[in-house]
Amino acid sequence: MLASTPNLYLQKTERMQTKSPKLTMALEVIVLILLWLIEAKAASTTPRPLCQVSCGNNVQIPFPFGIGKGCYMNKNFEVRCNNSRPFLISIGMELLEFQTDYSFIANNPVIHSSCSNKSSTAATISLEGTPFYYSKFINDFTATGCNNHAVLILHNGTKTVGCNSACRNGTRSSCTATLPPYLQSFQVNMTSFSSNHSSCRSAFISVPNWIESQPKNIIGDYSPAEFIWGDPKGSCDISKIADRNCTSSNCWAQLSTNQFCICSECQDVGKCTDPKNFMCSLYYLYNPADKKYMCPPGYKESDTICFPDFGGKSRMKAILIGCGSGFGSLLVLTGIWSLYKIIKRRRAMKQKQNFFKRNGGLLLEQQLCSSNNHVDKTKLFTSTELEHATDNYHKNRILGHGGQGTVYKGMLTDGKVVAIKKSKKVDEDKLAQFINEVVILSQINHRNVVKLIGCCLETEVPMLVYEFIPNGTLFDYLQHPDEELAFTWEIRIRIAAEIAGALAYLHSSASTPIYHRDIKSSNILLDDKYRAKLADFGTSRSISIEDTHVTTRVQGTFGYLDPEFFQSSQFTDKSDVYSFGVVLAELLTGEKPVFSSSRSTDCRSLATHFLRSMEGENRLFEILDALVLKESKKEQIVATAKLAKRCLNLNGRMRPTMKTVALELEGIRRGSCIVEEQAYDVVDISESSRLWDIASSSSHLEEQTLVHHYTL
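In this text, all values refer to a predicted model and were calculated from it rather than measured experimentally. (Residues numbered from 1 in each chain as written. Predicted model: local features only at pLDDT ≥ 70, side-chain atom pairs only at ≥ 80, totals over all residues. Heavy atoms only, no water.)

Enquirer: When you look at the overall build of the chain in this model, what are you seeing that I'm missing?
Expert: A tally of helices and strands in the chain yields 17 helices and 36 strands. Counting over 712 residues, the chain shows a buried share of 43%. The contacts in the chain between residues at least 6 apart in sequence include a share of 62% that link residues at least 24 apart. (Helix = DSSP H or I, 4+ residues; strand = E, 2+ residues; numbered from the N terminus. Buried < 20%, exposed > 50% of the residue type's maximum accessible area, 1.4 Å probe, protein only. Contact = heavy atoms within 4.5 Å.)

As structure tokens, this is what we get:
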């Protein structure tokens, strides 16, 4: 059919040439395409041979060697499997093992002379006409027998190497010599160098120490020797070579006289012939006559290794393809990175939303709405803003640790210095305390209450942002006096009046009454002008005007806790009054609210010690701070002490309100207080006056010393 198709085509075109030249040309193109498709289909359906890869149990046959027609590279590499023993036909030797891609071990004939039990074998061995050579670096030339002088002679008659084997005490002796390079054909000459020349002599080429593994005085007809056929010289490309050959798993092509490009163990011809995969190896067949190795045409050399040279148009094409691929890869990577950033941003937003809900954001919104407060008064900061403000919460920015978290000093982008309270991981109860603090502070507008600037709820732990109060706490100044600032009575009574006014505002003037529930000197901060600022509303509670108390579990600070609240769990405004009474006692005495166990007194709290000093023991002026005795009037001290005693009354109903306390402290501060006579029943006036004079004189001396010191 293929042969007749062109004839039919010629007959038709001859008839139609005069009628329609364009139609004739179209028919020519169609017929040529059909012929090309038929030939391509026929070529594609040509089966590749399925090759046997082993012979016997132990010998694997790698390419370019092969068993069966079409399975080896050329006739030199044909292997025949006889009785499960592989033989290399071109040299007539049995294959024992393949060492590398270019070397193998085969049974090499042993040459005997004057051996009674063996026939004398041919003294000449030739591998000429094949690419195989004896390996110089592995094999040795060995001679055995008594008085055996064995010489290896090349095919041109040149003597190369030899050795003498002599017997000692009737034992077998042997000698070895190194082979010359590129040994392919040789003959062996064995002679006796003594009168005793009747003993058996042998000579052979073998791998090292093979003779030692043989039985005593027994040398077989074959010895294992290593043969090499080529040298790997780099990578090659046969994708554009038309006359390449393939088996079921290998492809090869001859590039020059002694150079072959071999692709081994191919599963797909396209992969084997693709230079990008570097699966094809260039082999150079040994040829002693070729003294200088040359790379095949179209290849370049680098350190005796050849590589395909993609020069000229091919190089430009490779560059364009590389640039296009690089640009495409860059676009893909950019797209992947952008997608990753979008996903990461969405996850971060989702996480922030989850944190906002978990940290009580919805509860905060509900509380702020229910309290008729304007949400925009409390700023919501982002986590990034607070990280920048605190240098990622560096330890050097820590101002202190509280019951609900750690306080950091920070600076906002507008230059404003703030205090950032980073709450601890809390459970639901403490989370409610945190939200409660935000709600309460958002309702408070008083000069002696620390101002809440904003909060951040989108982090793992919630955070509050306050105005920064630079001069620490009242507790620090009472327990660790500053040499640069004398904490005089005037400063103390002013601080007491300011805090009392703030508490009176919380109890009486706020839109909803607020109980602080943790009044103590460490929660009273001092600003740059040493004005008092009430802080830490984490445990505070706001109640309706009709309510008189809030029932809750007992919490607070030992030494300040209202005993009545401790017994009943009902916190009232008078509980804050009791805690403020302890602060007044601290201002008067400079003592801590709880005494250490090493102190020689049966009292463990300042409140008890202060009340005892006010009542039967008449020791009020013994427990007062020296600066208080020095700077104040006796009437002011007694009036303040009496007020503190009333605040510390164990019966809450007998305590004054914070509004009353604030008014009385303001009167004491201005010096307009009137001390009732019965108030002096709690102290011995004459004894107190004596202690007053002694303390005043000693304090005056101390003052002169301090003034002299700072003058220097």
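Enquirer: Sorry if this is basic, but what is going on with the state of the cysteines here?
Expert: Linking two cysteines covalently via their sulfur atoms produces the bond known as a disulfide. Within this structure, the stated rule accounts for seven disulfides. Here Cys-55 connects covalently by a disulfide to Cys-81, the sulfurs 1.9 Å from one another. The chirality of the disulfide connecting Cys-55 with Cys-81 is right-handed, given an S-S dihedral of about 80°. Remark: Cys-81 occurs in strand β4 (residues 78–82) and Cys-55 occurs in strand β1 (residues 54–55); sequence separation between them is 26 residues. In this structure Cys-81 comes out as partly exposed when scored by relative accessible area, which is 29%. Across the disulfide from Cys-246 sits Cys-251; the S-S distance is 2.1 Å. Here Cys-246 and Cys-251 share a disulfide; its torsion about the S-S bond, 105°, makes the bridge right-handed. Taken as a pair, Cys-246 and Cys-251 share a single burial class, namely buried. As a non-bridged cysteine, Cys-456 has Cys-455 as the owner of its nearest cysteine sulfur, 7.6 Å distant. (Disulfide = S-S within 2.5 Å.)

Enquirer: Can you help me understand the sheet that holds strand β16 (residues 201–206) in this one?
Expert: To summarise the sheet geometry, strands pair through backbone hydrogen bonds and adopt either a parallel or an antiparallel arrangement. Strand order in the open sheet formed by four strands is β8-β16-β11-β14, and the pairing between neighbours is antiparallel. Looking at the sheet topology across the chains shown, the edges are occupied by β8 (111–113) and β14 (174–178). Each neighbouring strand pair of the sheet contributes to a mean axis angle of 15°, computed without reference to strand direction. As defined by bridge partners, strand β11 (residues 140–144) adjoins β16 across five bridges and the pair is classed as antiparallel. Residue pairing across strands places Thr-142 opposite Phe-204, the latter belonging to β16. (Pairing = 2+ DSSP bridges. Axes fitted to C-alpha atoms, helices over the stretch in contact; angles between N-to-C directions.)

Enquirer: What's the story with the nonpolar core in this structure? I'm lost.
Expert: Proteins that are soluble and globular tend to have nonpolar side chains buried together. If you look at the biggest cluster of nonpolar residues, it comprises 76 residues, and the most contacted ones within it are Phe-487, Ile-495, Phe-580, Phe-610 and Leu-665. The biggest single contributor to this core is helix α9 (residues 489–509), with 13 residues. When residues no more than four places from it in sequence are discounted, the contact partners of Phe-610 are Ala-585, Leu-588, Thr-589, Leu-620, Ile-623, Ala-641, Ala-644, Lys-645 and Leu-648. By size, the runner-up hydrophobic cluster in this structure holds 45 residues, among which are Ile-67, Tyr-72, Met-73 and Ile-91. (Core = buried A, V, L, I, M, F, W, Y, C linked by side-chain atoms within 4.5 Å.)

Enquirer: Looking at this model, I keep getting lost on helix α12 (residues 606–614). Mind explaining?
Expert: Residues spaced three or four apart along an α-helix point in a common direction, a consequence of the helix completing one turn every 3.6 residues. Counting buried residues along α12, seven of its nine residues qualify, which places the element largely inside the surrounding structure. Leu-606, Ala-607, His-609, Phe-610, Leu-611, Ser-613 and Met-614 are the residues of α12 that are buried. Buried residues along α12 sit against α11 (573–589), α13 (620–623) and α15 (634–647).

Enquirer: Which parts of the structure should I look at to understand the packing of aromatic side chains?
Expert: Any pair of aromatic rings gets described here by the distance separating the centres and the angle formed by the planes. Applying the stated criterion across every chain, the model contains 21 aromatic pairs. Considering the side-chain rings of Phe-98 and Phe-104, the 6.0 Å spacing of their centres and the 50° angle between planes classify their relative orientation as tilted. Residue Phe-98 is classed as buried on the basis of its relative accessible area of 16%. Measuring from ring centre to ring centre gives 5.8 Å for Tyr-477 and Tyr-530, while their planes differ by 85°; the resulting arrangement is edge-to-face. A residue pair is termed long-range when its members are at least 10 positions apart, and Tyr-477 in helix α8 (residues 474–479) and Tyr-530 in the loop between β32 (524–526) and β33 (532–534) qualify at 53 residues. By way of ring pairs, the aromatic residues Phe-65, Phe-77, Phe-98, Phe-104, Phe-132, Tyr-134, Phe-186, Phe-227, Trp-229 and Tyr-283 are connected into one cluster. Its end group placed over the ring of Tyr-393, Lys-422 keeps NZ or CZ at 4.2 Å from the ring centre. (Phe/Tyr/Trp six-rings, centres within 6.5 Å; stacked < 30°, edge-to-face > 60°. Lys NZ or Arg CZ within 6 Å of the ring centre and 35° of its normal.)

Enquirer: Is there a simple way to think about the side chain of His-609 in this case?
Expert: Inspection of the secondary structure puts His-609 in helix α12. Not counting residues within four places of it along the chain, the set of residues in contact with His-609 comprises Phe-595, Arg-599, Cys-603, Arg-619 and Ile-623.

Enquirer: Help me understand the environment of Phe-487 in this model?
Expert: When you line up the elements, Phe-487 lands in the loop between α8 and α9. Phe-487 gets classed as buried once you look at its relative accessible area, which sits at 4%. Taking the C-alpha atoms as reference points, Phe-487 and Leu-627, 140 residues apart in sequence, are found 7.3 Å from one another. Among residues more than four places away in sequence, those in contact with Phe-487 are Leu-474, Tyr-477, Leu-478, Arg-492, Ile-495, Leu-526 and Leu-627.

Enquirer: Hey, could you run me through the side chain of Arg-494 in this one?
Expert: Along the polypeptide, Arg-494 turns up in helix α9. Within polar-contact distance, the side chain of Arg-494 engages the backbone oxygen of Tyr-530 at 2.9 Å. Leaving out residues up to four positions away in the same chain, Arg-494 has contacts with Lys-529, Tyr-530, Arg-531 and Arg-669. (Polar contact = N/O pair within 3.5 Å; in protein donor to acceptor, adjacent residues only side chain to side chain.)

Enquirer: Just to check I follow, could you spell out the confidence of the model for the chain for this structure?
Expert: Low pLDDT marks regions whose predicted coordinates should not be analysed in detail. With 74% of its residues at a pLDDT of 70 or more, the chain shows a mean pLDDT of 77. Per-residue pLDDT stays below 50 along residues 542–552; that stretch engages in 30 contacts with residues further than four places along the chain or on separate chains. pLDDT under 50 marks residues 674–712. Its contacts with residues more than four places away, or in other chains, come to 38 contacts. (pLDDT = per-residue confidence, 0-100.)

Enquirer: Please explain the pairing of strand β20 (residues 251–256) as it appears in this structure.
Expert: Across a regular strand the side chains alternate sides, sitting on one face of the sheet and then on the other. Pairing geometry for strand β19 (residues 245–246) and β20, over two bridges, is antiparallel. What sits directly across from Asn-245, in β20, is Trp-252. Counted between consecutive antiparallel strands, the loop separating β19 from β20 contains four residues. With five bridges connecting them, β20 and strand β21 (residues 259–263) associate as antiparallel partners. Across the sheet, Cys-251 pairs through a bridge with Cys-263, a residue of β21. If you look at the hairpin formed by β20 and β21, you'll find two residues sitting between the two strands.

Enquirer: Help me understand the pairing of strand β29 (residues 452–456), please; the structure alone is not making it clear to me.
Expert: Burial of β29 is extensive: five of the five residues sit out of reach of the surface. Both strand β25 (residues 379–380) and β29 contribute to a ladder of two bridges, which runs parallel. Pairing of Lys-379 across the sheet is with Gly-454, part of β29. With four bridges joining them, β29 and strand β30 (residues 463–467) adopt antiparallel strand pairing. Along β30, the bridge assignment pairs Gly-454 with Val-465.

Enquirer: Honestly, the environment of Leu-380 in this entry has me stumped. Any pointers?
Expert: Residue position: Leu-380 is located in strand β25. The exposed category is assigned to Leu-380, whose relative accessible area is 51%. When the C-alpha positions of Leu-380 and Val-465 are compared, they lie 9.4 Å apart, and in sequence the two are 85 residues distant.

Enquirer: Even after reading the chapter, I still don't get the packing of α11 against helix α16 (residues 658–670), so can you show me in this structure?
Expert: Pairs of packed helices are described in terms of their axes, by the angle between the two and the distance that separates them. Between α11 and α16, the shortest axis-to-axis distance is 10 Å and the interhelical angle comes to 25°. Here α11 is positioned roughly parallel relative to α16, judged by the angle of their axes. Note that α11 runs across α16; the crossing there is left-handed. Two secondary-structure elements touch here, α11 through Val-577, Phe-580 and Leu-584 and α16 through Met-658, Val-661 and Leu-665. Looking at the contact of α11 with α16, its residues break down into six nonpolar, no polar and no charged. (Parallel < 35°, antiparallel > 145°, perpendicular 65-115°, else oblique. Left-handed = near helix turned anticlockwise from the far one by under 90°. Nonpolar A, V, L, I, M, F, W, Y, C, P; charged D, E, K, R; others polar.)

Enquirer: What should I look at first to understand the packing of α11 against α12 in this one?
Expert: One way to put it is that α11 packs onto α12 with a least axis distance of 10 Å and a crossing angle of 70°. Judged by the angle between their axes, α11 and α12 are roughly perpendicular. Handedness of the α11/α12 crossing: left-handed. Across from Tyr-578, Val-582, Ala-585, Glu-586, Leu-588 and Thr-589 in α11, the residues of α12 making contact are Leu-606, Ala-607 and Phe-610. Its residues assigned to classes, the contact of α11 with α12 shows seven nonpolar, one polar and one charged.

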